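Chains, contacts and geometry: an overview
The primary structure of each chain is shown beneath.
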Amino acid sequence: MKKTFYSNGKLLITGEYLVLDGAKAFALPTKFGQSLMMEESEGQLIHWKSFDSDGSIWFEDAIPFSSIMRKERFDDAKNIKNTLIEILHEAYLINSDYITSSKGYAIKTELTFPKFWGLGTSSTLINNIAQWLQIDAFELLKRSFGGSGYDIACAQNNSPILYQLANEKPLIEKVNFKPNFTDKIFFIYLNKKQNSKAAIASYYGKRSNIQQAIATIDSITKTVTEAATLKEFGTALQDHEIEMSNILELKTVKEVLFPDFDGVIKSLGAWGGDFVMSISKENPVNYFRSKGFEIVVAYNEMIL
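Small disclaimer: the values here were computed from a predicted structure and weren't measured.

Moving on: the side chain of Glu-16. Note that Glu-16 resides in the loop between β1 (2-14) and β2 (25-40). Engagement of the side chain of Glu-16 in a polar contact is seen with the side chain of Lys-266, the distance being 3.0 Å. Looking at Glu-16, its side chain comes within polar contact range of the side chain of Trp-271, at 3.0 Å. Among residues more than four places away in sequence, those in contact with Glu-16 are His-240, Glu-241, Met-244, Lys-266, Ser-267, Gly-269 and Trp-271.

Pairing is antiparallel in the open sheet, where 4 strands are placed in the order β9-β10-β8-β11. Edge strands, defined here as strands with exactly one partner in the open sheet, are β9 (264-267) and β11 (296-298). Direction aside, neighbouring strands of the sheet carry axes that sit 30° apart on average. Running at roughly 50° to β9, helix α9 (residues 230-248) makes contact with β8 (185-189), β9 and β10 (275-279) of the sheet.

What follows concerns the pairing of strand β5 (residues 105-111). The side-chain alternation of β5 yields one buried face, formed by Tyr-105, Ile-107, Thr-109 and Leu-111, and one unburied face, formed by Ala-106, Lys-108 and Glu-110. As paired strands, β2 and β5 are joined by 7 bridges and run antiparallel to one another. In the sheet register, Leu-36 faces β5, and the bridge partner there is Thr-109.

Turning next to the nonpolar core. Ranked by internal contacts, the top residues of the largest apolar core, which has 47 residues, are Leu-18, Phe-187, Phe-233 and Phe-275. Of all the secondary-structure elements, those providing two or more residues to this core are β1, β2, β8, α7 (196-206), α8 (210-226), α9, β10 and α12 (299-302). When residues of this core are assigned to their parent elements, the largest contribution, 7 residues, is made by α9. Phe-187 has contacts with Leu-11, Ile-13, Leu-268, Phe-275, Val-276, Met-277, Ile-295, Val-296, Val-297, Tyr-299, Met-302 and Ile-303, leaving out every residue within four places of it along the chain.

Two aromatic rings, taken as a pair, are described by how far apart their centres are and by the angle between their planes. Per the counting criterion, the structure on display carries 19 aromatic pairs. Ring geometry for Phe-258 versus Phe-288: centroids 5.2 Å apart, planes at 85°, classification edge-to-face. Highlighted residues: Phe-258 in the loop between α10 (253-257) and β9 and Phe-288 in helix α11 (residues 285-290), separated in sequence by 30 residues. Of the two residues examined, Phe-258 and Phe-288, each falls in the buried class. Overall, the relative accessible area of 0% leaves Phe-288 in the buried class. Each member of the aromatic cluster is reached from another via a ring pair, and the members are Phe-32, Phe-116, Trp-117, Tyr-189 and Phe-275.

One can describe the packing of α8 onto α9 by two numbers: an axis separation of 9 Å at closest approach and a directional angle of 160°. The angle between the axes of α8 and α9 places the two elements in the roughly antiparallel class. Here the hand of the crossing between α8 and α9 comes out left-handed. For the pair formed by α8 and α9, the contact residues are Ala-213, Thr-216, Ile-217, Ile-220, Thr-223 and Val-224 on the first element and Glu-232, Phe-233, Ala-236, Leu-237, Asp-239, His-240, Glu-243, Met-244 and Ile-247 on the second.

Moving on to the pairing of β2. Extensive coverage of β2 is indicated by the burial of 12 of its 16 residues. Of the strand pairs in this sheet, β1 and β2 are connected by 11 bridges, and their pairing is antiparallel. Bridging from a neighbouring strand, Tyr-6 pairs with Ser-35 of β2. The pairing of β2 with strand β6 (residues 161-166) spans 3 bridges and is classified as antiparallel. If you follow Phe-26 over to β6, its bridge partner there is Leu-162.

Cut-off values and rules
Residues numbered from 1 in each chain as written. Predicted model: local features only at pLDDT ≥ 70, side-chain atom pairs only at ≥ 80, totals over all residues. Heavy atoms only, no water. Helix = DSSP H or I, 4+ residues; strand = E, 2+ residues; numbered from the N terminus. Polar contact = N/O pair within 3.5 Å; in protein donor to acceptor, adjacent residues only side chain to side chain. Contact = heavy atoms within 4.5 Å. Pairing = 2+ DSSP bridges. Axes fitted to C-alpha atoms, helices over the stretch in contact; angles between N-to-C directions. Buried < 20%, exposed > 50% of the residue type's maximum accessible area, 1.4 Å probe, protein only. Core = buried A, V, L, I, M, F, W, Y, C linked by side-chain atoms within 4.5 Å. Phe/Tyr/Trp six-rings, centres within 6.5 Å; stacked < 30°, edge-to-face > 60°. Parallel < 35°, antiparallel > 145°, perpendicular 65-115°, else oblique. Left-handed = near helix turned anticlockwise from the far one by under 90°.

Okay, structure coming up:
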């Protein structure tokens, strides 16, 4: 019997890093995501095949049930396989039935965005596995990759959300975010993928006076989600960049890459890679492409 599951990608608009400490974060599920198709098979193994958005296979391997049960680790050249085994092992510890009551599986995953974009290759995979095995995706994330879980919330919701951790439990609130200026918002890929784990580790080494910072970011997030004008929206996000720049002891992405841009540039998620968001009165596509950033996606093409 074939079964298919799907999860949305994500972009974190406010609350990066501080969401780990309880700040309210504003996040947007994307029109792009990942599907997982499962079919029962034989051989006491999972034959796994992962497709990128262009149809190319970026991972394929056979994973014996025994490797999953004992969390077998292969050499570093098999890093993707090791990561997948770790996720499947943690899933096995939560619900062992998928191993003990099965003969095998053929699984195919398909991304609808290029995997280097950083829209949630891992989070969509974890949420799809959790759907398949009927387990808690937040628990599976916590046991495997770690992180705040906002990306899992985006995977599961088809509208903008406010996300917060309270006593390590996720609180998700759907937001009616439909401003009349979305045509002034674009997302630009910075031509490199950021290592979220390394960025989070750096943040933990630098944060101080965290409660005051959380209060400031929470206030900005409220303004961002309720902004009635482009100017109010842009100013709030500019304030967010300044606040995070001070906390992280890093220059803003606008200072580093786009000092002459006539508008606001907002980092999204871990600073230093993946996508940034631009807010400007004029269409910025030619500006960014002249700087060597070819992937510029309009808000309404990106966001659900």
